[in-house]
Amino acid sequence: MGLPLFSAHGDPGPSFWHFADSAGLTSAPNATPSDFTHATTVIAVRYQGGVVMVGDRQATGNYIASRDVRKIEPADHFTALAISGSAARAIELLKITQLSFEHYEKMTGSTLSLEGKANYLSPIIQRNNLISPLIVVPLLAGWDESNLIGRIFEYDGAGGCYERFDFATIGSGSPFAEGTLRLGFRSDLDREAALELGALALYEAGDNDPSTGGPDFVRNIFPMMVTLNEQGFQELSSDEVGERFRVINERRTESGGVAGGALR
Amino acid sequence: MSNYFYVAPEQLIKDRAEFAQKGIARGRSLIAAIYDKGVVLVAENPSASLNKVSEIYDRIAFAGAGKYNEFDRLREAGIRWADSTGFTYSREDVDGRALANYYAQHLGDMFTEGQKPLEVEILVAQLGNKLRPTKLYRVAYEGTISDEPRFAVLGGDSETIKTRFALGEESVQPLNITLRNATNALAGPERTIPATDLEVGILEDRGHRRTFSRLSDDQVSELLG
């Protein structure tokens, strides 16, 4: 590629996606899919001082394709993007998003607001999902540096962006995770309580949804758990996550495989 | 039918060069230098928002002297080029030398074919790693590209500043000494430049992918001592 210079009226501005699109770098999706799946569970829970996200690690097609996929990635220092849907499209969306936020920062010398980041994704999702059957549905969460709160934004298949003030889920395991979250959520959750609730909700999804990978004690592969707060994006160590799921698992064994009417 | 007067190519080039040099000399100068842990870019710039020094990519920085609107467009094109090259191939394939070459070609084209030559001088700094060496590429208004061994001076009066800076910078030094030398060289013997009028950016490995950082006025004052 040569030096991308533009005259003032044709300049794509600080948006990497608009530039990449005009330069033909983004793919034009119009293929027929061989399979469609959104086999995933990712959860975001708001707490006092940030957001907790939990995501399973399994990639499922007609069989289990991978057991250690990362479905939550930092989009920048204060923002995380979780993905569900077509893996190829979702990974491209993730790449474009990470690059776009950094590109904007370098071009303008300032960072986008969290709401700006959330809105930026809408037309990208919209175009992908309305043209292609390879649907992708992300979940964006982050620490809002101007208002000093954690915020969650979910999307519908057509790119509509909605802020959630409690919790949000994406993927096929959503109904099971959502059930747990609805029973356990309170507006005054602290970090620890939010981590506990998020892990439990993912455990339920992994237990009931065949396409969601729960904790894998055989291979020591555990769901991803991250927090977003004033320190930015932080991922819990695999050992810590493993310990949390081990506790839930033991409780579940004691109660004979059912939640036992209590949220635990 | 209009008549064109014949102008000898030597004359044409000379006129264009003089025009560009005059434009560049109107702006303040800047120094880029290699220090023991990285590269420092020091510009005299009273504005805190119209930057002369900025980040292009993980290990590449840009500095421009001369007409702001002209070098800022080149800076934006450089960021676009770097981000799309990294997107198409891989982050490690983004090479400062390739970018400096594109700049040189564009400036060369504008000098000979443009309505007027660009009144800018630019610098592409690259922080080395196991794949590439640390480099300072200076690109002049007519497209001449030079690989500066330890430091480069851009802008008006660059020869005088170069001589002053070279005196205190016989070997590679720590950041505070190189920064002090650069500030003194930019100021000259008759004046001092306050930290608020300095724009300083560095490329240094601090365990992050992105190595560029802009030093605040406080950090600059502290380093200057």
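Remember, it's a predicted structure, so these values are computed and weren't measured experimentally. Here the residue numbering is sequential within each chain, running from 1 through the sequence in written order. All chains are assigned letters beginning at A, and all ligands numbers beginning at 1, according to the order in which they are written. In view of the model being predicted, local features appear only for residues whose pLDDT reaches at least 70, and side-chain atom pairs are presented and counted only at 80 or more, with totals across whole chains, interfaces and linings using the full set of residues.

### Observations regarding the sheet that holds strand β6 (residues 135–139) of chain B
All names here are of chain B.
Right, so step 1: A pair of strands is considered paired only if DSSP assigns at least 2 bridges between the two. Strands here mean DSSP runs of E at least two residues long; helices mean DSSP runs of H or I at least four residues long; both are numbered from the N terminus. Spatially, the five strands line up as an open sheet ordered β3-β4-β5-β6-β7, and their pairing is antiparallel. Either end of the sheet is taken by a strand with one partner, and the two such strands are β3 (53–57) and β7 (145–148). Each strand axis lies, on average, 25 degrees off the axis of its neighbour in the sheet, ignoring direction.
Right, so step 2: Bridge count between strand β5 (residues 120–126) and β6: five bridges; the pairing is antiparallel. Bridge pairing links Val124 to Tyr137 in β6. Helix axes use the C-alpha atoms of the stretch in contact, all axes being lines fitted to C-alpha atoms, and the angles between their N-to-C directions lie in the range 0 to 180 degrees.

### As for the sheet that holds strand β10 (residues 167–170) of chain A
All names here are of chain A.
Right, so step 1: Pairing is antiparallel across the open sheet formed by five strands, whose spatial order is β10-β1-β2-β11-β12. Taken across any chain shown, the strands that pair with only one partner, and hence form the sheet edges, are β10 and β12 (232–235). Each strand axis lies, on average, 15 degrees off the axis of its neighbour in the sheet, ignoring direction.
Right, so step 2: We call two residues in contact when their backbone-placed C-beta atoms lie within 7 Å. The strands that helix α4 (residues 174–184) touches are β1 (42–47) and β10; relative to β10, the one it contacts most, it runs at about 165 degrees.
Right, so step 3: Each of β1, β2 (50–55) and β11 (224–229) touches helix α5 (residues 191–208); the most contacted strand, β1, lies at about 160 degrees to it.

### Examining the interface of chain A and chain B
Right, so step 1: Contacts between the two partners involve 15 residues from chain A, matched on the other side by 15 residues from chain B.
Right, so step 2: Of all the elements in the fold, those that place two or more residues in the side of chain A that touches chain B are α1 (16–22) and α2 (87–108) of chain A.
Right, so step 3: With four residues, α2 of chain A is the single largest residue contributor to the side of chain A that touches chain B.
Right, so step 4: In this count, Pro and Cys sit with the nonpolar residues alongside Ala, Val, Leu, Ile, Met, Phe, Trp and Tyr, while Asp, Glu, Lys and Arg are called charged and the others, Gly among them, polar. Here the side of chain A that touches chain B is built from residues that sort into eleven nonpolar, three polar and one charged.

### Topic: the packing of α5 of chain A against helix α6 (residues 238–254) of chain A
Residue and element names in this part refer to chain A.
Right, so step 1: Close contact between α5 and α6 brings their axes to 10 Å; oriented N to C, the two are set at 60 degrees. By crossing handedness, the relation of α5 to α6 is classed as right-handed. Contacts from Ala199, Leu200 and Tyr203 in α5 reach Arg244, Phe245 and Ile248 in α6.
Right, so step 2: Classifying every residue of the contact of α5 with α6 by side-chain character gives five nonpolar, no polar and one charged. Crossings are sorted by hand: turned counterclockwise from the far helix by less than a right angle, the near helix makes the crossing left-handed, and turned clockwise it makes it right-handed.

### As for the pairing of β12 of chain A
Residue and element names in this part refer to chain A.
Right, so step 1: Relative to β12, β11 runs antiparallel, the two sharing four bridges. Note on β12: the bridge partner recorded for Val226 is Glu235.
Right, so step 2: Taking the residues that link successive antiparallel strands as the turn, the β11-β12 hairpin has two residues.

### What to know about the packing of helix α4 (residues 158–168) of chain B against helix α5 (residues 175–187) of chain B
All names here are of chain B.
Right, so step 1: Axis separation between α4 and α5 bottoms out at 8 Å; the angle between their running directions is 150 degrees. When the interaxial angle is binned, α4 and α5 end up roughly antiparallel. In terms of crossing hand, the pair formed by α4 and α5 is right-handed. For the pair α4 and α5, contact is made by Ile161, Arg164, Phe165 and Gly168 and by Asn181, Ala182, Ala185 and Leu186, respectively.
Right, so step 2: Residue composition of the contact of α4 with α5, grouped by class: five nonpolar, two polar and one charged. To sort the angles, those under 35 degrees are grouped as roughly parallel, those over 145 as roughly antiparallel, those from 65 to 115 as roughly perpendicular, and the leftovers as oblique.

### Overview of α5 of chain A
Right, so step 1: Under the 1.5 Å per step criterion, the end-to-end length of α5 of chain A is 26 Å for 18 residues, consistent within 8% with the ideal 26 Å.
Right, so step 2: Whether a residue is buried, exposed or partly exposed follows from its count of other C-beta atoms within 10 Å of its own C-beta, namely 20 or more, 12 or fewer, or something in between, respectively; the C-beta atoms are built from the backbone. Burial within α5 of chain A is extensive, with 13 of its 18 residues counted as buried. Take the residue count of a helix, subtract one, and multiply by 1.5 Å to get its expected span.

### Thoughts on α6 of chain A
Turn by turn, an α-helix covers 3.6 residues, leaving residues three or four places apart pointing in a common direction.
Residue and element names in this part refer to chain A.
Right, so step 1: Helix length check: α6 (17 residues) gives 24 Å between terminal C-alpha atoms against 24 Å at 1.5 Å per residue, within 8%.
Right, so step 2: The complete set of buried residues in α6 reads Val241, Arg244 and Phe245. Considered in projection along α6, the buried side chains sweep an arc of 90 degrees and stay on one side of the axis. Of the exposed residues in α6, those oriented more than 90 degrees away from the buried face are Asp239, Glu240, Glu243, Glu250, Thr253 and Glu254.
Right, so step 3: In the segment just after α6, Gly256 is the residue with positive phi, at about 75 degrees. The directions from the helix axis to the C-beta atoms form the arc being described.

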